[in-house]
Amino acid sequence: MQLTLWTYEGPPHVGAMRIATSMRDVHYVLHAPQGDTYADLLFTMIERQDRRPPVTYTTFQARDLGGSTADLVKTAVAEAYERFKPKALLVGESCTAELIQDQSGSLACGMNLPIPVIPLELPSYSKKENWGAAETFYHVVRALLADQVPPPGTPRPARAEGRRPHANLLGPTVLGFRCRDDVQEIRRLLDLLGIDVNVIAPLGASPDDIRRLPEADFNIDLYPEVSRTTASWLQRNFGMPATRVIPMGVGATRDFIAEVAQLAGIDASAVLAAEQPGVAGFSSSLSRMPWYARSVDSTYLTGKRVFIFGDATHAIAAARIAKEEMGFTVVGLGTYSREFARDVRDAAKLYDVEALISDDYLEVEQAIGAAAPELVLGTQMERHIAKRLGVACAVISIPIHVQDVPARYSPVYGFEGANVIFDTWVHPLVMGLEEHLLQMFRDDFEFHDDAAASHLPAVARDARPAAAPDAVAAAEPVVTAVATPEPVSAAAGEPTWSEDGERELKKIPFFVRGKAKRNTEAFAREHGLATITVETLYDAKAHYGR
Amino acid sequence: MSNLHDIPVVLSQRSGSDLPVLRERGQREVFCGLTGIVWLHRKLQDAFFLVVGSRTCAHLVQSAAGVMIFAEPRFGTAILTDRDLAGIADANDELDRVCISLLERRPEIKALFLVGSCPSEVIKLDLARAAERLNERLLPRVRVLSYSGSGIETTFTQGEDNALKAFVPIMPQTDARQLLVVGCLPDVVEDQFRRQFEQLGIGPVNFFPGRRAEDVPSIGPNTQLLLAQPFNGETVRALTARGATVLAAPYPFGVEGTTAWLRAAARAWQTPDTQFDAVTAPLIKRARAALERYRPQLAGKRLFMLPDSQLEIPLARFLNREMGMALVEVGTPYLDRQMVSEELALLPPDVVLSEGQHLERQLDRVRAARPDLTVCGLGLANPLEAEGLATKWSIELVFSPIHGYDQAADLAELFVRPLARRERLAV
């Protein structure tokens, strides 16, 4: 039994729903009690889908148990087939139905429907949503391609002379992160390279499209959490190679182009030449991001402490961007995707941090608090953590909320994706010029501590400690204290703040004050100082540097 | 549409009313009783709700809570894993462990609800016994209660009914006369009613549930119950079994419902009519004036209510009689005649009532009727909007203060808003 307050992933049958809802002409009969239909609202409200997920629930009740629940499955399958006329039918169970063991899949297969019936067995008590999506996608592909698998050892037929290389885009789903736009961006990029897209799946694919998957020359494994299993199966059974690089960020997109060019047997040097790092020109480059990052106004981004948490794919990619393309310092990297824990651990080594592999929201919150980041890149969960801690945040991964499904074109993959990322990550930060002004006018009556950055109204006012001096006091010249010192912290054995030290501390802008306070206290402890004076504060500042 | 005539219609004659009821069975697009936690934990400020269930349960409560994400909420899920199911871990020991560690971290919690779910019921995990066992260790610091919010037994608002019913055995006995208002009400509404009862000379008045689970009201033969929510039937039956009597009244929605509801208590307390009129007249006048603003926008509009919160029948009565809406179909997850007899008597004789749900057939009827406004759950709202049908999310009716005189116009406005929005938009 595991105590869970918030969960990053739903149960595996929600992953199956994501696959069914992404596809066309597919229907999913889910053996489930009343209440499980809640999952529909994820699609219609978060993703703003204009149609219901193609899911029929059996809605069994307590009084059906031990008797007619199996009949409910058959009725639901028959009615769903009659009404929706799908070209393939998925049949599975939610957690409760799994316990009553009606074998819905076999029941449905025994009904001799004139379409492929694909039974899904997704263990609800050990697996989660992304695994369920991956497993469902794999079962759909395997079932629909079963009769096309060539004998082992059959060489792949060479591409016809003069035909452009073809690739499948695997893994995009509804309720994924920016899949809708990533797919367009990657398609545009491939077109630029002279590569055609054969099938995009599961997003928008019909069972007929799935049957055409082997016609491509290779697969692009865009979202490994969903498509790695399928890509591996296609590689083993159809000899189709698959990409490994996730094209998120300028550098990764360049690597992706090189990998794709190699798989397609084409020359991509012209495209890559236009996207050299350090190239400042707008005219030759698809990506504005490198120049924006080098523009002097971005100087303030240097070394910003960033904590990254999400699904493995986006977290790993985000860490590389943060370090190499934004000039941030990665102070935390983690994922809730245990299936990809090893990849994240390897990535974390690059940034000298310990990978956080956890789906425990409280543990993540604690880690973020301890790392004292200036920016959190995470899921909607980390957005709430960051809000509570008063730290800037941008969302980079599912689970998402409705505001993370923007109306505008906003991919995160490819060169345009890098542009979008630059904007998205910079906006929540106090802007460089504003930070400069806050420093200059920190004691001004209009710019004092309580006058928050104009674009951060709620966060700055609510989340900060209420220790700020009032405007008049702050505007008064600092006089050396003669009154009894009032310690900030009076815990036993802890250094205490002298009044002048505390007053000086308050002059430090709020967004770095917490860090300054912690550093100074640590410094005082290390040096056995009982009282923190103005001098201690500056000694600590010199000791730690920025 | 074409198969409308295929619908198995069960027409039953009910005593006290000859309204036909269409009973259906099939897919239900309704939350389960776990969802009640979302408002119950806001009301009971010292309580923690621990669902004993699956990841699905956790995901459901979290999704229903929507944006109400708090850093450390007062609800959570003890997720059953393979180890619990395979008997490798003793589920009872595991549950005790989870509860104790939870309470160690949250010393402010005074009441812990163990909430049963579909999986916990199917594996027959006895939460009532678990609560007894934990009470032996934890009382008086924390009281542990248990109830079922499972989808195989409860629908949406029945979760509140079961939660409240769990209190009944521990309610102290009293012979003192009192009015007990039954059903979760927002604090602001509770305070309004308290003032009104005081002005009417009615008292002592207690609200059940109160704001703290610690403060359990007493019950006895001189307790008269005034029902604030139509879905607490089991609780009401348990309270009457302890001697309480029910004051028959419609529910306090709209001016008419609120007046009749207050009057039922006033009669029982023998408040003189002149006093009743003097107290209510200004409130009625103010509420009517506020409603008048919205009436023209709702009058004559055709309303279809899908089954969801059990509030459908009282709300249909309000919208029909006070706002002039025409009722196409009023669905309810289940029809508890005892709880809505006063309401049914106020519905127009030609109303179509439906009980239970066969979602696809009901949506066929919605599409055939093309009502001006459809009240439905969140899973259906956008798809129906995409078909050109205006919708009102029913969940908002459960989360918003809608009872009493001063919320009557807010209630009407909830139905006006989707229509008004469509009129504004030119895109």
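Owing to the predicted nature of the structure, the values given are computational and were not obtained by experimental measurement.

1. Some details on the sheet that holds strand β4 (residues 111–116) of chain B
Step number 1: Sheet architecture is open: five strands sit in the order β1(A)-β3(B)-β2(B)-β4(B)-β5(B), paired in mixed fashion. On the outer flanks of this sheet lie β1 (2–4) of chain A together with β5 (143–148) of chain B, each paired with one strand and no other. The average angle at which neighbouring strand axes cross in this sheet is 25 degrees, direction not considered.
Step number 2: Two elements, strand β2 (residues 47–53) of chain B and β4(B), share six bridges in a ladder whose sense is parallel. Looking at β4(B), one finds that B:F49 is bridged to B:F113.
Step number 3: In the packing of helix α2 (residues 55–65) of chain B onto the sheet, the strands contacted are β1 of chain A together with β2 and β3 (75–79) of chain B, and the crossing angle to β3(B) comes to about 165 degrees.
Step number 4: Relative to the sheet, helix α7 (residues 158–167) of chain B contacts β4 and β5 of chain B, its axis offset from that of β5(B) by approximately 140 degrees.

2. Observations regarding the pattern of salt bridges
Opposite charge on two side chains lets them pair, provided their charged atoms get close.
Step number 1: Inspection of every chain in the model, using the stated rule, returns 54 salt bridges over all chains.
Step number 2: With a closest N to O distance of 3.0 Å, A:R503 and A:E499 form a salt bridge. One end of the pair is A:R503 and the other is A:E499, both in helix α21 (residues 499–507) and four residues apart, which spans about a single turn.
Step number 3: Between B:K43 and B:E190 there is a salt bridge whose closest N-O contact spans 2.6 Å. In this pair, B:K43 sits in helix α1 (residues 37–43) while B:E190 sits in helix α8 (residues 187–199), placing the two residues 147 residues apart along the sequence.

3. Observations regarding the interface of chain B and chain A
Step number 1: Every contact between the two is made by 69 residues of chain B and, on the other side, 59 residues of chain A.
Step number 2: The junction of chain B with chain A conceals about 5,300 Å² of combined surface from both sides, 60% of it contributed by carbon and sulfur atoms.
Step number 3: Summed over the shared surface of chain B and chain A, the result is five salt bridges.
Step number 4: Measuring nitrogen to oxygen at the nearest pair gives 2.6 Å for the salt bridge that ties B:R25 to A:D64.
Step number 5: Scanning the region where chain B abuts chain A turns up 25 residue pairs in polar contact (both at pLDDT 80 or more).
Step number 6: Breaking the side of chain B that touches chain A down by element, the ones donating at least two residues are β2, α2, β3, α3 (82–85), α4 (91–105), α5 (118–122), α15 (359–369) and α16 (378–386) of chain B.
Step number 7: For the side of chain B that touches chain A, a count of residues per class yields 37 nonpolar, 18 polar and 14 charged.

4. Quick notes on the packing of aromatic side chains
Step number 1: Summed over all chains, the structure comprises 18 aromatic pairs over all chains.
Step number 2: Between the aromatic rings of A:Y292 and A:F422, the centroid separation amounts to 5.5 Å while the plane-to-plane angle is 90 degrees, which identifies the pairing as edge-to-face. Residue A:Y292 is found in helix α12 (residues 289–294), and its partner A:F422 is found in helix α17 (residues 414–426); the two are separated by 130 residues along the sequence.
Step number 3: Here A:Y292 falls in the partly exposed class, since its relative accessible area comes to 36%.
Step number 4: Ring geometry for B:F113 against B:F167: centres 5.6 Å apart, planes inclined by 75 degrees, an arrangement best described as edge-to-face. Residue B:F113 is located in strand β4, and its partner B:F167 is located in helix α7; the two are separated by 54 residues in the primary sequence. Accessibility classification places B:F113 together with B:F167 in one group, the buried group.
Step number 5: Through a chain of ring-to-ring contacts, the aromatic side chains of B:F49, B:F113, B:Y147, B:F167 and B:F208 assemble into a single cluster.
Step number 6: Over the ring of B:W269 we find B:R177; its NZ or CZ atom is 3.8 Å from the centre of that ring.

5. Side note on the nonpolar core
Step number 1: With 277 residues, the main nonpolar core has A:I308, A:W425, B:L114 and B:F197 as its most contacted residues.
Step number 2: Setting aside residues up to four positions removed in sequence, A:I308 forms contacts with A:A315, A:A318, A:A319, A:A322, A:V330, A:G332, A:L333, A:G334, A:L377 and A:I396.

6. Considerations on the packing of helix α13 (residues 312–321) of chain B against helix α14 (residues 337–344) of chain B
Residue and element names in this part refer to chain B.
Step number 1: Put simply, α13 and α14 touch, their axes get as near as 10 Å, and they point 5 degrees apart. When the interaxial angle is binned, α13 and α14 end up roughly parallel. Across the interface between the two elements, I313, P314 and R317 of α13 pack against V340, E343 and L344 of α14.
Step number 2: Of the residues belonging to the contact of α13 with α14, the class tally is four nonpolar, no polar and two charged.

Parameters and conventions
Residues numbered from 1 in each chain as written. Chains lettered and ligands numbered in written order. Predicted model: local features only at pLDDT ≥ 70, side-chain atom pairs only at ≥ 80, totals over all residues. Heavy atoms only, no water. Pairing = 2+ DSSP bridges. Helix = DSSP H or I, 4+ residues; strand = E, 2+ residues; numbered from the N terminus. Axes fitted to C-alpha atoms, helices over the stretch in contact; angles between N-to-C directions. Contact = heavy atoms within 4.5 Å. Salt bridge = Lys/Arg side-chain N within 4 Å of Asp/Glu carboxyl O. Buried area = accessible area lost by both parts, 1.4 Å probe. Polar contact = N/O pair within 3.5 Å; in protein donor to acceptor, adjacent residues only side chain to side chain. Nonpolar A, V, L, I, M, F, W, Y, C, P; charged D, E, K, R; others polar. Phe/Tyr/Trp six-rings, centres within 6.5 Å; stacked < 30°, edge-to-face > 60°. Buried < 20%, exposed > 50% of the residue type's maximum accessible area, 1.4 Å probe, protein only. Lys NZ or Arg CZ within 6 Å of the ring centre and 35° of its normal. Core = buried A, V, L, I, M, F, W, Y, C linked by side-chain atoms within 4.5 Å. Parallel < 35°, antiparallel > 145°, perpendicular 65-115°, else oblique.

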